[in-house]
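Each chain, written out:
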Amino acid sequence: MNNNLSILYAFIGGALIGSAAALLFAPSKGTELRAKIKETLQKKGIICTQSEIDALVEQLTADIDE
């Protein structure tokens, strides 16, 4: 009986650690990512509009999916 309880505690502990890690390492929302891309490009001296950023993200997404 004690062994079954240890297995249950290990399972619950692993689930909690896994869900915490998923929250910490989850990617940013699309709008946050676009804002970061725009900010980074502006720091490099590249001026672009929001529609240009959206087009760039769509193109990169399509390239990654291929």
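The structure this text deals with has already been given above.
Residue numbering note: each chain is counted from 1, following its sequence as written. Note on the predicted model: pLDDT of at least 70 is required for a residue's local features to be given, and 80 or more for side-chain atom pairs to be given and counted; whole-chain, interface and lining totals, by contrast, use all residues. With hydrogens and water set aside, each side-chain value is computed from the structure's full complement of heavy atoms.

A. Highlighting the pattern of salt bridges. Within this document, salt bridges are pairs made up of a side-chain nitrogen of Lys or Arg and a carboxyl oxygen of Asp or Glu, the two lying within 4 Å of each other. Scanning the entire structure with this criterion turns up 1 salt bridge. The salt bridge involving Glu39 is made with Lys43; its shortest N-O contact spans 3.4 Å. Highlighted residues: Glu39 and Lys43, both in helix α2 (residues 30–43), separated by 4 residues, approximately one helical turn. Judged by relative accessible area, which is 44%, Glu39 ranks as partly exposed. Exposure remark for Lys43: the relative accessible area of 68% places this residue in the exposed category. The way it works is that DSSP assigns letters per residue, a run of H or I at least four long becomes a helix, a run of E at least two long becomes a strand, and they are numbered from the N terminus. Burial here depends on accessible area, computed with a 1.4 Å probe over protein chains only, as a share of the maximum for the residue type. Under 20% is buried, over 50% is exposed, and the range in between is partly exposed.

B. Summary view of the packing of α2 against helix α3 (residues 50–65). Here an axis means a line fitted to C-alpha atoms, over the contact stretch when the element is a helix, while the angle between two N-to-C directions is reported on a 0 to 180 degree scale. Running from N to C, α2 and α3 cross one another at 110°; their axes reach a closest spacing of 10 Å. In terms of their interaxial angle, α2 and α3 are classed as roughly perpendicular. The two elements α2 and α3 meet at a crossing, and its hand is right-handed. Each of Arg34, Ile37, Lys38 and Leu41 in α2 lies in contact with α3, whose residues at this interface are Gln50, Ile53, Asp54, Leu56 and Val57. For this classification, Asp, Glu, Lys and Arg are treated as charged, while Ala, Val, Leu, Ile, Met, Phe, Trp, Tyr, Cys and Pro are nonpolar and the rest, including Gly, are polar. When the residues that make up the contact of α2 with α3 are grouped by side-chain class, the tally is 5 nonpolar, 1 polar and 3 charged. Note on terminology: angles under 35 degrees are roughly parallel, angles over 145 are roughly antiparallel, angles of 65 to 115 are roughly perpendicular, and the others are oblique. Here a crossing is taken to be left-handed if its near helix is turned anticlockwise relative to the far helix by less than a right angle, and right-handed if that turn runs clockwise. Residue contacts are counted whenever heavy atoms from the two residues lie within 4.5 Å of one another.

C. A look at α2. In this scheme, a helix's expected span is set at 1.5 Å multiplied by one less than its residue total. Look at α2: 20 Å from first C-alpha to last across 14 residues, which is about the 20 Å you get at 1.5 Å a residue. Positive phi appears at Gly45, one or two residues downstream of α2, with a value of about 90°.

D. Structural detail: a nonpolar patch on the surface. Exposure above 30% relative accessible area and the absence of a salt bridge qualify a residue for a patch, where like charges join within 9 Å and nonpolar side chains (Val, Leu, Ile, Met, Phe, Trp, Tyr) within 5 Å. Surface accessibility follows the Shrake-Rupley procedure with a 1.4 Å probe radius. Residue values consider only the protein chains on display as shielding. Side chains of Leu5, Leu8, Tyr9, Phe11, Ile12 and Leu16 sit close together on the surface and give an oily, nonpolar patch of about 640 Å² of accessible area. With respect to the element layout, Tyr9 can be found in helix α1 (residues 2–25).

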